[in-house]
Amino acid sequence: MSENGESSPPIRVRVAFMDHEALYSAMLARDARFDGKFFVGVKTTGIYCRPICPAKPKRENVEFYKSATAAERAGFRPCLRCRPESAPLSPAWIGTSAIVNRALRLLAANAAAAKNEDDFARPFGVSARHLRRLFESEIGRSPKQIADANRLDFARKLVTETALPMTEIADASGFASLRRFNDAFRKRFSRPPTELRKRKSKSADGEGLTLHLAYRPPYDWAVIHRFFVRHPIPGLESTADGAYSRVFRIGKASGAFTVSPATSGHGLNLRVRTDDASVLFEVARRVRKMFDLDSDPLWVSNHFREIPVLGRLERAKPGLRLPRGWDAFETGIATILGQLVSTTQASALLASLVEHYGEPFAHPETGVTIRLFPTPERLARARLDEVRTTGMRKETIREFSRLVAERAIDFTEAQDPETFKRKLREVKGIGAWSAEYLALRTIGDPDAFPGTDLILRRALEKYPELKLDSVRPWRSYAAIHLWEAFAETLSNRRKKTDEKKKRRSIRRSRSDDLPQPGRETHPRRERPRARGDSLGKR
């Protein structure tokens, strides 16, 4: 019985996507790199598990499936021990057509929750009927069934990991009533939610609720945390004690969250405090995106091993991920203000922007009045006199904000990256660097590469044998490795240059103190500043 009440006979279908002996070996080793990339159906119990499950059934008793959906369609129910709903997503393993892959990304973002099937299919240029046909052919379930399964997976996570009341869990997972939630939950997991809670009870601590967000190892928390340390939005974000925290507003709901490494298992802990449980799904989704938790490091690593330069960098720094932003519009404005200035200057400009144009907001934890990031509508009509940047950059902010407010530019992850970058480049003041950088940090394009960046240019000059075409479709991850490897080298060069300039200045000032025969002193003329600085290549 499916979660929407439709009956279907149990069908056991074997899948030939890898050598089953290799999959069984990965299961016996509990190799976390394969977590979420395949599932194990145990014929003797009728249960399916993640490959990291402590259970070790005999080889003749197991079957392998590409996805949890395929295992359930074959008649298996999810394991209560390893909890398949907690596995990292792996959309690249299911859906061969571009349309299905794009639709799966939207479904993972809960984009179908408030849409009917016709509205959901329209952006893909096909009818709802044709999209259902594609899904049935490639995955075995309709978009609606997958959306319902995603909601129930998140509901089960809340049941087993938090002490939220069942009514709030039903609301958070998108159910209109507790009765419908209980009915769907029982059909999907063969038991009511209260029974699962008895198995693993959580007590409220007054400090919000904590969720465990899994990833596939390796994962370099230090590097991605350092990125957020260097690129903060003052007042909204903080990075104290090795964790990342920020406040948020989604619709009318507000709150704060903190992300930190889990003390056990491969994952991050997400602690959320909010006045509206209905936004928990969206908060968890955005955090997974921010910290790139659904990436498959094994795919990237295997590809980079064929490229000597990147292979060496990957072995030196395994587990690098793409840091993305909480809010795509915030990231866009921060990118524009950060053009051709240091990270310190960019943070100061952002602080000024938020201070003068953000809405006052009481911090959910401290009660201190801060300001939220200004909306696109507000910045589209703002003069920005208080922000000490160039007139051209201010105009770029206004134009970019207007296009976002009018939805001429959107940040849907399922869109074509090249179309997205082309729209950005049409904004005066946004060049190739900014467009590629925003594709990397907002829509998660794994092949974006800001090639005009100073560090990346110098890296490519040092390694002319590194051909970017051979890196596709993982050029974004190549950029992260090159930035991490060469940023410190470039910083050391700058320090040496600054020290040389300082020594010259000291020698010059000492010589200027001595009287020079036949030399008249005149006040030094100040060079006029150029107006309307170009926002060209970085």
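How each quantity is defined
- Residue indices begin from 1 for each chain and proceed along its sequence in written order.
- Reporting of local features is limited, given that this is a predicted model, to residues whose pLDDT is at least 70; pairs of side-chain atoms are given and counted only at 80 or more, and all residues count toward the totals for whole chains, interfaces and linings.
- Derived side-chain values reflect all non-hydrogen atoms in the structure, with water molecules and hydrogen atoms excluded from consideration.
- Here a strand is any run of E in DSSP of at least two residues, a helix any run of H or I of at least four, and the numbering for each starts at the N terminus.
- When a residue's accessible area, from a 1.4 Å probe over protein chains only, is under 20% of the maximum for its type it is buried; when over 50% it is exposed; and in between it is partly exposed.
- We call two residues in contact whenever any of their non-hydrogen atoms come within 4.5 Å of each other.
- Each accessible area is a Shrake-Rupley result for a 1.4 Å probe, and residues are judged covered by the shown protein chains and nothing else.
- Each pair of strands is called paired provided DSSP finds at least two bridges between the two strands.
- Lines are fitted to the C-alpha atoms to define the axes, a helix being fitted only along its stretch in contact, and any angle between axes, read from their N-to-C directions, falls within 0 to 180 degrees.
- Residues grouped as a nonpolar core are buried Ala, Val, Leu, Ile, Met, Phe, Trp, Tyr and Cys residues, joined through side-chain atoms within 4.5 Å.
- What counts as a ring pair is set by centres within 6.5 Å for rings of Phe, Tyr and Trp (its six-membered ring), and what kind of pair is set by the plane angle: stacked under 30 degrees, edge-to-face over 60, tilted for all other angles.
- Any Lys NZ or Arg CZ found within 6 Å of a ring centre and within 35 degrees of that ring's normal is scored as a charge over the ring.
- It is the directions from the helix axis to the C-beta atoms that the arc portrays.
- In this analysis, the protein atoms alone were mapped onto a 1 Å grid. Cavities are point sets where a 1.4 Å probe fits without being able to get out; pockets are open sets with protein on both sides within 12 Å along at least five of seven lines; lining residues have an atom within 4 Å of a point.
- Grid points are joined across faces, edges and corners, and a volume is the space filled by probe spheres set on the points.
- Three classes are used: nonpolar for Ala, Val, Leu, Ile, Met, Phe, Trp, Tyr, Cys and Pro, charged for Asp, Glu, Lys and Arg, and polar for all others, with Gly counted as polar.
- Note on convention: the crossing is left-handed when the near helix lies turned anticlockwise from the far helix by less than a right angle, right-handed when the turn is clockwise.
- The predictor attaches a confidence to each residue, and that confidence, scored 0 to 100, is pLDDT.
- We call two N or O atoms a polar contact when they sit within 3.5 Å, provided that within protein one can donate a hydrogen and the other can accept it, with sequence-adjacent residues counted only if both atoms are side-chain atoms.

### Regarding the overall build of the chain
Next, step 1: Helix and strand counts for the chain stand at 21 helices and 11 strands.
Next, step 2: Scored against the burial criterion, the 538 residues of the chain give a buried share of 50%.
Next, step 3: Across the chain, contacts joining residues at least 24 apart in sequence account for 68% of those joining residues at least 6 apart.
Next, step 4: Looking at the chain as shown, the accessible area adds up to about 27200 Å², and 49% of this sits on carbon and sulfur atoms.

### Quick look at the sheet that holds strand S6 (residues 237-238)
Next, step 1: With respect to topology, 5 strands assemble into an open sheet ordered S5-S9-S8-S7-S6, the strand pairing being antiparallel. Whereas interior strands pair on both sides, the edge strands pair on one side only; in this sheet they are strand S5 (209-214) and S6.
Next, step 2: Pairing analysis gives 6 bridges linking S5 to strand S9 (residues 267-274), with the strands arranged antiparallel. Considered in S9, the bridge of Leu 211 is made with Leu 270.
Next, step 3: On top of the sheet, helix H11 (residues 280-290) reaches S5, strand S7 (244-250), strand S8 (253-261) and S9; it is set at about 140° to S9, its chief contact.

### As for the environment of Glu 386
Next, step 1: By the secondary structure assignment, Glu 386 is in the loop between helix H16 (376-380) and helix H17 (391-405).
Next, step 2: Along the backbone, Glu 386 and Leu 353 are 33 residues apart, and their C-alpha atoms lie at a distance of 7.6 Å.
Next, step 3: Not counting chain neighbours up to four residues away, the residues in contact with Glu 386 comprise Ser 352, His 356 and Tyr 357.

### Regarding the pairing of strand S1 (residues 39-42)
Next, step 1: Neither face of S1 is left uncovered, since the one carrying Phe 39 and Gly 41 and the one carrying Val 40 and Val 42 both have all their residues buried.
Next, step 2: Two elements, S1 and strand S3 (residues 62-65), share 4 bridges in a ladder whose sense is antiparallel. The residue bridging Val 40 from the neighbouring strand is Phe 64, located in S3.
Next, step 3: For S1 and strand S2 (residues 47-49), the ladder comprises 3 bridges, and the chain directions are antiparallel. The residue bridging Val 40 from the neighbouring strand is Cys 49, located in S2.
Next, step 4: Connecting S1 to the antiparallel partner S2 that follows it, the hairpin turn spans 4 residues, and Gly 46 within it adopts a positive phi of roughly 75°.

### Let's talk about the nonpolar core
Next, step 1: Ranked by internal contacts, the top residues of the largest apolar core, which has 109 residues, are Phe 257, Val 283, Phe 291 and Phe 400.
Next, step 2: Contact partners of Phe 257, with chain neighbours within four places excluded, come to Tyr 244, Ser 245, Arg 246, Phe 248, Leu 270, Arg 271, Val 272, Val 283, Val 287, Met 290 and Trp 326.
Next, step 3: Leu 106, Phe 124, Ile 139 and Ile 146 belong to the second largest nonpolar core, which has 17 residues in total.

### What to know about the sheet that holds S3
Next, step 1: Pairing is mixed across the open sheet formed by 4 strands, whose spatial order is S3-S1-S2-S4. Both outer strands of the open sheet, S3 and strand S4 (77-78), are each paired with one neighbouring strand and no more.

### Let's talk about the packing of aromatic side chains
Next, step 1: Counted under the stated rule, the structure contains 27 aromatic pairs.
Next, step 2: On the basis of an interplanar angle of 80° and a centroid distance of 6.0 Å, the ring pair of Phe 39 and Tyr 48 is categorised as edge-to-face. Residues Phe 39 and Tyr 48 agree in their burial class; the two are buried.
Next, step 3: On the numbers, 5.6 Å between centres and 25° between planes, the contact of Trp 221 with Phe 291 is stacked. A residue pair is termed long-range when its members are at least 10 positions apart, and Trp 221 in helix H10 (residues 221-230) and Phe 291 in the loop between H11 and helix H12 (297-304) qualify at 70 residues. Here the two residues Trp 221 and Phe 291 agree in accessibility, since each one is buried.
Next, step 4: In this structure an aromatic cluster arises from ring pairing among Trp 221, Phe 227, Phe 228, Tyr 244, Phe 248, Phe 257, Phe 291 and Trp 326.
Next, step 5: Above the plane of the ring of Phe 189 lies Arg 156, whose end atom (NZ or CZ) is 4.9 Å from the centre.

### What about helix H5 (residues 128-138)?
Next, step 1: Three or more residues of H5 are buried, namely Ala 128, Leu 131, Leu 134 and Phe 135. The arc enclosing the buried residues of H5, seen along the axis, measures out at 120°, which places them on a common side. Turned more than 90 degrees from where H5 packs its buried face, Arg 129 and Ser 137 sit exposed.
Next, step 2: Where H5 is buried, its residues touch helix H3 (98-108), helix H4 (117-121) and helix H6 (143-161).
Next, step 3: Two residues or fewer after H5 comes Gly 140, characterised by a positive phi angle close to 100°.

### A short note on empty space enclosed by the protein
Gaps left between atoms show up when a probe the size of a water molecule is rolled over them.
Next, step 1: Enumeration according to the criterion identifies 1 cavity of 30 Å³ or more in this entry.
Next, step 2: Approximately 90 Å³ is the volume found for the largest cavity.
Next, step 3: What lines the largest cavity is Ser 295, Pro 297, Val 300, Ser 301, Glu 314, Lys 317, Pro 318, Gly 319, Leu 320, Arg 321, Tyr 477 and His 481.
Next, step 4: Of all elements in the fold, only H12 and helix H21 (475-513) reach the threshold of two or more residues within the lining of the largest cavity.
Next, step 5: Per element, the largest residue contribution to the lining of the largest cavity is 3 residues, and it comes from H12.
Next, step 6: Of the residues belonging to the lining of the largest cavity, the class tally is 5 nonpolar, 4 polar and 3 charged.

### Some thoughts on the environment of Val 387
Next, step 1: Position of Val 387 relative to the elements: it lies in the loop between H16 and H17.
Next, step 2: Considered as a pair, Val 387 and Ala 348 are 39 residues apart in the sequence and their alpha carbons are 9.3 Å apart.
Next, step 3: Not counting the four nearest positions on each side in its chain, Val 387 is found in contact with Leu 337, Leu 349, Ser 352, Leu 353, Tyr 357 and Lys 394.

### A word on the packing of H3 against H6
Angle between the axes and distance between the axes are the two parameters that describe a pair of packed helices.
Next, step 1: Two numbers describe how H3 lies on H6: the axes approach to 10 Å, and their chain directions differ by 35°. With respect to the hand of their crossing, H3 and H6 are arranged in right-handed fashion. Within the contact between the two elements, H3 uses Leu 104, Leu 107 and Ala 108 and H6 uses Pro 143, Ile 146, Ala 147 and Asn 150.
Next, step 2: A class-by-class count of the residues in the contact of H3 with H6 yields 6 nonpolar, 1 polar and no charged.

### Observations concerning the confidence of the model for the chain
Next, step 1: Confidence in the prediction of the chain, expressed as mean pLDDT, is 83, and 83% of residues score 70 or more.
Next, step 2: Confidence, expressed as mean pLDDT per element, reaches its minimum in the chain at H21 with 68 and its maximum at H16 with 97.
Next, step 3: Per-residue pLDDT stays below 50 along residues 91-95; that stretch engages in 19 contacts with residues further than four places along the chain or on separate chains.

### Remarks on helix H14 (residues 328-337)
One turn of an α-helix holds 3.6 residues; hence residues three or four places apart share an orientation.
Next, step 1: Burial analysis of H14 places 9 of its 10 residues in the buried class, the great majority of the element.
Next, step 2: Taken as a whole, H14 has its buried residues at Ala 328, Phe 329, Glu 330, Thr 331, Gly 332, Ile 333, Thr 335, Ile 336 and Leu 337.
Next, step 3: For H14, the secondary structure elements touched by its buried residues are S7, helix H15 (343-357), H16, H17 and helix H19 (432-441).
Next, step 4: Its side-chain oxygen placed 3.0 Å from the backbone nitrogen of Phe 329, Asp 327 serves as the N-cap of H14.

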